[in-house]
Amino acid sequence: MKSFSEIETIAKRASRALGYSWGISEEVGKNIKLLEMFGISGVKNFNAFCKEFKGRKFQNITLIAKKNHSNNNHYCPITTGVNFLDQVNILDELIDLEFQNIAFPLLFLPFVSRASEVIGKKIFLKLDNTEFLLNFNQSIFTNLFNNNVINSSKMIHIKFLNNKDSFGESEWKNLLTLSHNTFVDENEGLKKSAAGAGLTDND
Amino acid sequence: MEIKLRDPKNVMKLSKLGSFHQSKLSFLRSFLREFKDWNYKKDLFNLDENGCGHVVYSFNKNNKVYSLICFGNKIDDHERSDRVIATKWDAAFTLYDGIPSKKDIERLALDVPKQEVGRLTYKELTLSRANKSIRIFNHVVEALSNGKQPDKEKLSKVGYLYRTTAVYGSGKFGLADRFRVKNRKEIFGPFRLEMMLVYLVRQFTFDQVNYIAKQRNPKKAVKLDRSICRSLGIGNSTGLGMAPFIVNHPTLLNNWVQARENALLTIRKIKNVNKTDFDLFKSTLLKFLTNITSWNTESEFQKKKINNLISDLKKIILHLDSKKNFKSNFLFNEIYLWSENNLGDECIELIVSVMMEPYDEIVDPLILQMSSDEEKYFDIPCNRTIENLRNILENNYSEILRIDFERKENNKNFWFISKNKEEPRLSDRFLESGSELEQPLAIARDINKLYEKISNQKNSMKISKFLSENNELRHIIRRAFIVEKFPYSEIQDNTIGDKLMPIDMLRLKLSFFGAVKFDPRSDKWLRITMFQGAPLPDELKSFDDQWIYNTIN
């Protein structure tokens, strides 16, 4: 089995060999490792991307907008991802975004996952029919169960989720009441003797 | 009295870093202190009369076990090479996480001797190989098998029986990734697993030499005297592989140097120095003066350094002798300032190291700060502005910004990875091909490029906007924001100029490992010794903490 360290190093170097800058290649190395750690096929998808890289034209984005629709060519997942990550503090205000036609969209995913950590919000991402919940770059929850290469996406929707509870007040109250059953009800004697401070502290 | 940390722009100059010495902060010393109460065992000894076969040693405590599996191999003399191009070694080693089964040993016997072309698993933590110092090894076998102890003078010239030529960890060749072990308390300190491997390898060299001698002459053979064992370490040949490491791990580098600088600052701030502490400082300097006479080298560069060091050491000792009143306030600060004005870098940095000797209470907490979770600092803070970035460059790289990279001599070299051995190399960009595949290690040049590029950008521009059009500078922008938080993270020098001595970069790292006897074989590789004078594994419960200053005789 390859170690994650090997995966990161090889992906970084391969990215550089494609012509990306060292700085971007460092991001790619981290991302492929991240995908593999989350159980998503990073190496496979990156390898497929590398194979097609020379013979295929990609459209680059510099400034990301609310709606990003490519012309004839698919967006490059790496430059789109880098710019998404870099600009996420501004993009967050747009609440939801869409990207039409991203090539090898699973390579775009780790940038969004890292962006979730940067802004401190969960991000919901829908890639055609597949859904991903990106949890502050700590985990990725998805209904993607195969290990295949995804060559392109027609539409990716991204939604920044506000930090709010995933449960109702009554559910919380129920647990709170249960948790109180681990506490001791203090009688008068305990109130006087079990705490550290004095009963009068006027000195 | 205001005593400040030393300025990173001076400390992080290559000539200064290339003068660092081991200290109490060094990993092999702190490792031995931390592993004092671990139980050492020789679990398996299965060698033939030539020392080929396998041996297993272990350290264990509270159900936690680390095992070193050693493979002794037979190689021909013409196959023995310390260069990374070698494919066979006298011995190969791996540190295993737990107790290896018979099946594990069989599996590892196939892969460990192959080193870089073998495959390891997450159960193996570190990997290494070593070659005999053939003259010394044969001499010791000869002497022991004839019932005699070897010639100490001969031994002292080399200082070890075996030299390691690489120690790998952190996921290389399938080894366990760092994330699997980084939260284990017992190995939280830096390079603990690598130090454990090298330390146990040293024991293997003694056990192997004793065993071969015994097989050669069972009736007459004697064991290598314990005091001689103690005075032998493990050699190491180190090339350029270490140089990129210190550039590629900026926060780790910072934490090492910062710990050293914090220790120095705290010691300089001691108002009333205790006489016992002062005496220990002085006696350690005297011991070192004797010790350094056993540093042998053919390198004119190093000979000059050693001679200057000896001469400066004599000066400082005279100066200390002349001090009638050791009770003067801030004595160590006074000594430090005197050293800065009167001594060269080699001796100043030795004094910094030796000043730590009396102060476990200062040094020990700092050891815990010498690791780094580098991933935490990887993301670029893209909502910062060009003005912020410009300030960082001007405040932290002012010396570097003075270097003129239009001049050929400042731009002479390039770092690259050899296709043949996947190892770092350095070459002349004007004479050799390949500079288009240069590694991103020319930090000073790239900082200058970045500074020039932002010179005509608006102060208020966000880094995200700048990056969207200048991603070729992304790696260097990342570094600039790291140096803002970690002032000792950057070498404040030109790593591609014609005056570069790559061995300065190696020495910096090796000094933190705790290496001694720096013996440069060229400007690109050197030999060193580790654990010379150290207690043997069964002596760890109680040992002399200044063991590293003891001499072989």
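Residues numbered from 1 in each chain as written. Chains lettered and ligands numbered in written order. Predicted model: local features only at pLDDT ≥ 70, side-chain atom pairs only at ≥ 80, totals over all residues. Heavy atoms only, no water.

1. Brief notes about the overall build of chain B
For clarity, the cut-off: Helical segments are the DSSP runs of H or I of at least four residues, strand segments are the runs of E of at least two, and each set is numbered from the N terminus. With C-alpha atoms as the basis for the radius of gyration, the globule rule is written as 2.2 Å multiplied by the number of residues raised to the power 0.38. Accessibility here uses a 1.4 Å probe with only protein chains present; expressed as a share of the type maximum, an area under 20% marks a residue as buried, one over 50% as exposed, and anything in between as partly exposed. In this analysis, two residues are considered to be in contact whenever any of their non-hydrogen atoms come within 4.5 Å of each other.
Each helix and strand counted, chain B has 20 helices and 11 strands in total. Computed over C-alpha atoms, the radius of gyration of chain B comes to 24 Å, within 12% of the 24 Å expected from 2.2 N^0.38 for 553 residues, which places it in the range of a compact globule. Projected onto its principal axes, the C-alpha positions of chain B cover 85 × 60 × 50 Å. Counting across all 553 residues of chain B, residues that qualify as buried make up 61%. Across chain B, the fraction of contacts at a sequence separation of at least 24, relative to all contacts at a separation of at least 6, is 76%.

2. A look at the pairing of strand β1 (residues 39–47) of chain B
All names here are of chain B. Stated precisely, the cut-off is as follows: For two strands to count as paired, DSSP must find a minimum of two bridges between them.
Looking at chain direction, β1 and strand β2 (residues 53–61) are connected through eight bridges and run antiparallel. Across the sheet, the residue bridging to N46 is H54, located in β2. As consecutive antiparallel partners, β1 and β2 are separated by five residues, and within that stretch G51 has a phi angle of approximately 85 degrees, a positive value.

3. Focus: the pairing of strand β5 (residues 123–127) of chain A
All names here are of chain A. Residues of β5 alternate between two faces, with I123, L125 and L127 buried on one and F124 and K126 left unburied on the opposite face. Strand direction decides the pairing type here: β5 and strand β6 (residues 130–135), joined by five bridges, are antiparallel. In the strand pairing of β6, L127 is matched with T130. Counted along the chain from β5 to the antiparallel partner β6, the turn is two residues long, and its residue D128 has a positive phi close to 50 degrees. Pairing geometry for β5 and strand β8 (residues 152–160), over five bridges, is antiparallel.

4. Side note on the sheet that holds β1 of chain B
Residue and element names in this part refer to chain B. Here is the rule we go by: To get an axis, fit a line to the C-alpha atoms, keeping to the stretch in contact for a helix; angles then go from 0 to 180 degrees between the N-to-C directions.
Judged by pairing direction, the sheet is mixed, and its nine strands sit side by side in the order β1-β2-β3-β4-β5-β6-β7-β11-β10 without closing on themselves. Either end of the sheet is taken by a strand with one partner, and the two such strands are β1 and β10 (516–520). The sheet shows a mean angle of 25 degrees between the axes of neighbouring strands, taken without regard to direction. When β2 meets strand β3 (residues 64–72), the two strands line up antiparallel, connected through nine bridges. Its bridge partner being in β3, V55 is matched across the sheet by C70. Here helix α4 (residues 102–111) sits on the sheet in contact with β1, β2, β3, β4 (91–97) and β5 (124–132), set at roughly 45 degrees to β3.

5. A closer look at the environment of V140 of chain B
Residue and element names in this part refer to chain B. Relative to the helices and strands, V140 resides in helix α5 (residues 134–145). Among the residues examined, V140 registers a relative accessible area of 0% and is labelled buried. Between the C-alpha atoms of V140 and W256, which are 116 residues apart in sequence, the distance is 38 Å. Beyond its immediate sequence surroundings of up to four residues, V140 is in contact with P150, L155, L161, V209 and L224.

6. Let's talk about the nonpolar core
All names here are of chain B. Counted only if it meets this: In plain words, nonpolar cores are sets of buried Ala, Val, Leu, Ile, Met, Phe, Trp, Tyr and Cys residues tied together by side-chain atoms within 4.5 Å.
Counting 158 residues, the largest nonpolar core has F281, I316, I477 and F531 as its most contacted members. No other element matches helix α7 (residues 192–216), which puts 13 residues into this core. In this view, I477 contacts I380, L389, L450, I463, F466 and L467; residues no more than four positions away in its chain are not counted.

7. Quick notes on the domain arrangement of chain B
Counted only if it meets this: Residue ranges assigned to the domains are those given by an automatic or database domain assignment.
Under the domain assignment used here, chain B contains domain 1 (27–239), domain 2 (250–371) and domain 3 (374–485). Relative to domain 3 of chain B, the C-alpha centre of domain 2 of chain B lies at a distance of 34 Å.

8. What to know about unusual backbone geometry
Residue and element names in this part refer to chain A. If you check the backbone angles, I95 has positive phi at about 65 degrees while not being a glycine. Counting through the fold element by element, I95 comes out in the loop between α4 (77–91) and β4 (96–103). Since its relative accessible area comes to 45%, I95 is described here as partly exposed. Positive phi is not limited to glycine here, since D128 has a value of about 50 degrees. Along the chain, D128 falls in the loop between β5 and β6.

9. Describing the pattern of salt bridges
All names here are of chain A. Basically, it comes down to this: Note on definitions: salt bridges are taken to be side-chain nitrogens of Lys or Arg within 4 Å of carboxyl oxygens of Asp or Glu.
Counting across every chain of the model gives 63 salt bridges over all chains. Here E98 and K67 are joined by a salt bridge, their closest N and O atoms 3.9 Å apart. Note that E98 is positioned in strand β4 and K67 in strand β2 (residues 67–69), a separation of 31 residues in sequence. For E98, a relative accessible area of 13% puts it in the buried group.

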